Amino acid sequence: MTENETKSSIRGDRDLANAQDIIVCEGVSKWFGDFQALNNVTATIKEQEVVVVLGPSGSGKSTWIRCINRLEQHQEGRIMVDGVELSNDLRNIEKVRSEVGMVFQMFNLFPHLTVRDNISLAPIWVRKKPRAEAEEQASSLLERVGIPEQADKFPGQLSGGQQQRVAIARALAMEPKIMLFDEPTSALDPEMIKEVLDVMKELALSGMTMMVVTHEMGFAKEVADKIMFMEGGQIVETGTPEHFFTNPTEERTKLFLSQIL
Amino acid sequence: MNLKNSTSQTQYEEEINVSTNSGLPPKVAALSPTEWLKANLFSNAFNSVLTVLSTAAILLIIRGLLSFIFNPLRQWSATATNMRLLMTQAYPEHQYARIWVSLGFLLFLTGVSLAFWRAGRRVQLSQVGKRLLAIGAFILLATLLAPFSSKATIIWLIVGAFIVGLGLLLKPAHEDKTISSLTLLSGAFLLAILSLWVVPYGHHSYLSTRTPKILAEPGTVAMTTKLPWTIMFLVAVCSYFLGAFIREKIDETRSKAVLSVTWLISPLFLLFLVLRDPDFDTGHLFSTDIPIFLFFSIVGSVLLLWLTRPDVGEKGRVISAAILFVGFATFLFQMLMIVRILTLVLAFFALAAPTFSGQKPARIRYAKVWIGSMVILCWLITAINTPSTAKVPGDFFIGGFAITLMIFFFTMVLAFPLGVLLALARTSKFPIFRMISTTFIEFIRGVPLITILIFFSVMVPLFLPDGMDLTEIAAVTIAFIIFEAAYLAENVRGGLQSVTRGQHEAAEAVGMTNSQKTFFIVLPQALRVAIPPMVGQIIATFKETGLLAIIGIFDFLYIARSVIPGQTEYMGSTRENLLFVSLVYLVICFAMSKASQRVEKRVGLGER
Ligand SMILES: Nc1ncnc2c1ncn2[C@@H]1O[C@H](COP(=O)(O)OP(=O)(O)OP(=O)(O)O)[C@@H](O)[C@H]1O
Ligand SMILES: [Mg+2]
């Protein structure tokens, strides 16, 4: 019951059918040396959509998501983010990166800066905001992720769950249009996973476009609009959570689900 | 091995004993002296033999050292009398006020900084008592071992007994009773200074009248320095209290920043005070220096205010590159050196502008930094162009410990940024930078320092174009800077490599440019990791200044080894002087390594 209610309320205030395409991948391929990590990946993600990417280890999920903000370079195909094509042009890359937030598995907070400075550094120097405004924004973001009292601590003094929430706040401080999550809860103890997932749910609820690599099936069922299943560098199957968890069409998807459920 | 095992075992047992008490952390019970001896020195037969043998060896060495030091044949007066020569070589006596003023200023800064950084810690009186007890006991023991005359033995026994008595008095003090380590330190200095009023330390003076000769004058150093030193002491103490007083009144972070900058640039001003003519060449100053300075300040600030606008884009980069090109082109034409240097510095600021661009306050701050750099640079250039009034016999007007310190300081201040730049170049994406930097570093590291020093002191002056000359000291300092920069670069590179890929990616993911990433994320973390090896390098540099003696510069070591033993009164006093010099090097290097340990602890704060 409650699960269905949340889901419908997430879906309710959005009109995905008429939404604009915000990420477009066409025939994206990538090799590491001779090894092909991405094989002709084609997919479209609409504004305000929440997409969960599933797949066995080594299937290329991280590689794909990292190509979208150019932490990895694709070698074939086209990636368009909010109308800007990713190429070697530095200006395009900087533009895309300031509109795409990313949250990493290992948090990657800056250990030499306080939590507040972690969050406000990029707004000050990249977005050119006045310091006072950026710090105010940092405080309200910390409030939003539920740890307003930690602003003056250093990352090393926080728990894993708190660190990951700071990382989310840091990404949000750039006011991105898209948020990428690469296994945000995999490095956390079970009791901290929920606090991070709650923040992500709230974010989805607020209408953020999100692309999430995760092994949290509960989150996928509850929050995702679309699930993409990858294997061997390809997208094998795409569909709604209902379709995906109840009657997947592909053999490989069934095998994967039988292994993890 | 055995020693370690036994201590850890006792600790283990103690933990078990107290772990039954809940709540409070376990208190480690203090071992009584006999227990301690037993646990650490005589835990088994082998350890007992080792203890006895090494004690005997240590006693023999101490006895040897003492009988060397206190042998009546030793001419310690050679060192004591030549203190002035050792410290400054032949700096003219009537100009000494300049040195005192410089020293006073440094002490003032030290006092204020100690107060601002809340240096010093509380020491328990009982601890002080224990230390005194140990020192007193050592003096008593040493006196009995040393081959003193009976009168000297009695004096030293009294001194030792006095210290032991003081220690016994303080030892039972309650553990709440503490004293600041700074108070102890200033107490020690006060004793040393008071001794000037009592003990007639002498000195050598060079008499150029009649037949030039060197004369020993008993009592002169004590007489001429007791008042200045007392004033210096008062300056230091008063400035500490002044610092503690104003610390509470004003914004602390900002004034700490001001203090740090003052520390960095004050030696340049003091050097001017010590070496150069305090009377400016005002004509040249008003006709040339000030107009050029004003021109660069105004044009530069306007340009930088524009370049730091967030929306400048490509045009800005083109203009900055053009300025850089003009800067290099100025070297092809006849032109004032000041113009060349300032153009290059402006190009550097322009290139860095996009990194620091932002809203109005940020842009104005950048322009202010530019004007500040202008002031310092112009001061320096004017200072270098002004001839010195401190005329002295010999090649260079300052020597001894002063020149050792001076070369060391300039090496550190300039080699550090150069080393960071080299390390960044070596890890940069551009192959040409990588190549230049790698070649440079590997070349320098493959050549002995003494070779580079000789090359710079002998060869480089021959290659210089007409009209340009370089004093030997400047040439040698450049040699040191180049050498140390190469080594520091390798330390910094180690730090750069320790910054994880995740940090780079996180910085890139929030949209930072390459230089922002380097400046705000990578370098701060890298330098922190590089501190311990860099301090090692700095200490090594300080000791390497001794090589100056080999190429015939009148440094600390050279004066001790060759100059003083050449005086008619003090033939063959080399060993005494060398022992003194070693002691000074030892004390300074030890202090530096202690200080670095504390710095390491402090900067490690935020990490875990
Ligand atoms: N930098 C690299 N160099 C070489 N091979 C790489 C590199 N990064 C990833 N790969 C390879 O590419 C493939 C896809 O890796 P990727 O990290 O995208 O997998 P993933 O789906 O995220 O797996 P996981 O669930 O374990 O995180 C793997 O086989 C991996 O070994
Ligand atoms: Mg992965």
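Our subject is the structure that appears above.
Everything in this summary refers to the structure shown in the same document.

Quick notes on the rules
- Residues numbered from 1 in each chain as written.
- Chains lettered and ligands numbered in written order.
- Predicted model: local features only at pLDDT ≥ 70, side-chain atom pairs only at ≥ 80, totals over all residues.
- Heavy atoms only, no water.
- Helix = DSSP H or I, 4+ residues; strand = E, 2+ residues; numbered from the N terminus.
- Rg over C-alpha atoms; globule rule 2.2 N^0.38 Å.
- Buried < 20%, exposed > 50% of the residue type's maximum accessible area, 1.4 Å probe, protein only.
- Contact = heavy atoms within 4.5 Å.
- Areas by Shrake-Rupley, 256 points an atom, 1.4 Å probe, with all protein chains shown as cover.
- Axes fitted to C-alpha atoms, helices over the stretch in contact; angles between N-to-C directions.
- Left-handed = near helix turned anticlockwise from the far one by under 90°.
- Nonpolar A, V, L, I, M, F, W, Y, C, P; charged D, E, K, R; others polar.
- Near = heavy atom within 4 Å.
- Polar contact = N/O pair within 3.5 Å; in protein donor to acceptor, adjacent residues only side chain to side chain.
- 1 Å grid on protein atoms, 1.4 Å probe; cavity = no way out; pocket = protein on both sides within 12 Å on 5 of 7 lines; lining within 4 Å.
- Points joined across faces, edges and corners; volume = space filled by probe spheres on them.

1. A short note on the overall build of chain A
Scanning chain A for helices and strands turns up ten helices and ten strands. In summary, chain A has a C-alpha radius of gyration of 18 Å against a globular reference of 18 Å for 261 residues, a match within 12%. C-alpha atoms of chain A, sized along the principal axes, occupy 55 × 50 × 35 Å. When burial is assessed residue by residue, chain A has 56% of its 261 residues classed as buried. Partitioning the intrachain contacts of chain A with sequence separation of at least 6 by distance along the chain shows that 67% fall at a separation of at least 24. Of the roughly 11000 Å² of accessible surface on chain A, 47% is carried by carbon and sulfur atoms.

2. Observations regarding the packing of helix 16 (residues 400-426) of chain B against helix 21 (residues 514-544) of chain B
Residue and element names in this part refer to chain B. Running from N to C, helix 16 and helix 21 point in directions that differ by 145°, and their axes come no closer than 11 Å. Of the two elements, helix 16 crosses helix 21, and the hand of that crossing is right-handed. Counting all contacts with helix 16, which are made through Phe401, Thr404, Leu405, Phe408, Thr411, Met412, Phe416, Val420 and Leu424, the residues of helix 21 involved are Thr518, Leu523, Leu527, Met534, Ile538, Thr541 and Phe542. Residues that form the contact of helix 16 with helix 21 fall into these classes: twelve nonpolar, four polar and no charged.

3. Quick word on the site of ligand 1
All names here are of chain A. Around ligand 1, the neighbouring residues are Phe32, Phe35, Ala37, Pro56, Ser57, Gly58, Ser59, Gly60, Lys61, Ser62, Thr63 and Glu183. Lysine 61 is positioned such that a nitrogen or oxygen atom in its side chain is 2.8 Å from an oxygen atom of ligand 1. Serine 62 is positioned such that a nitrogen or oxygen atom in its side chain is 2.5 Å from an oxygen atom of ligand 1. For ligand 1, whose unbound accessible area comes to 630 Å², protein coverage reaches 61%. Ranked by residues supplied to the shell around ligand 1, first place goes to helix 2 (residues 61-68) with three residues. Considering only residue class, the shell around ligand 1 consists of four nonpolar, six polar and two charged.

4. What to know about empty space enclosed by the protein
Overall, the coordinates contain one cavity of 30 Å³ or more when judged by the stated rule. Estimates place the volume of the largest cavity at around 60 Å³. In terms of lining, the largest cavity is formed by Val100, Gly101, Met102, Phe104, Ala167, Arg170, Ala171 and Met174 of chain A together with Ala506, Ala509 and Val510 of chain B. Mapped onto the lining of the largest cavity, the elements with two or more residues apiece are strand 6 (100-103) and helix 6 (160-172) of chain A together with helix 20 (501-509) of chain B. When the residues that make up the lining of the largest cavity are grouped by side-chain class, the tally is nine nonpolar, one polar and one charged.

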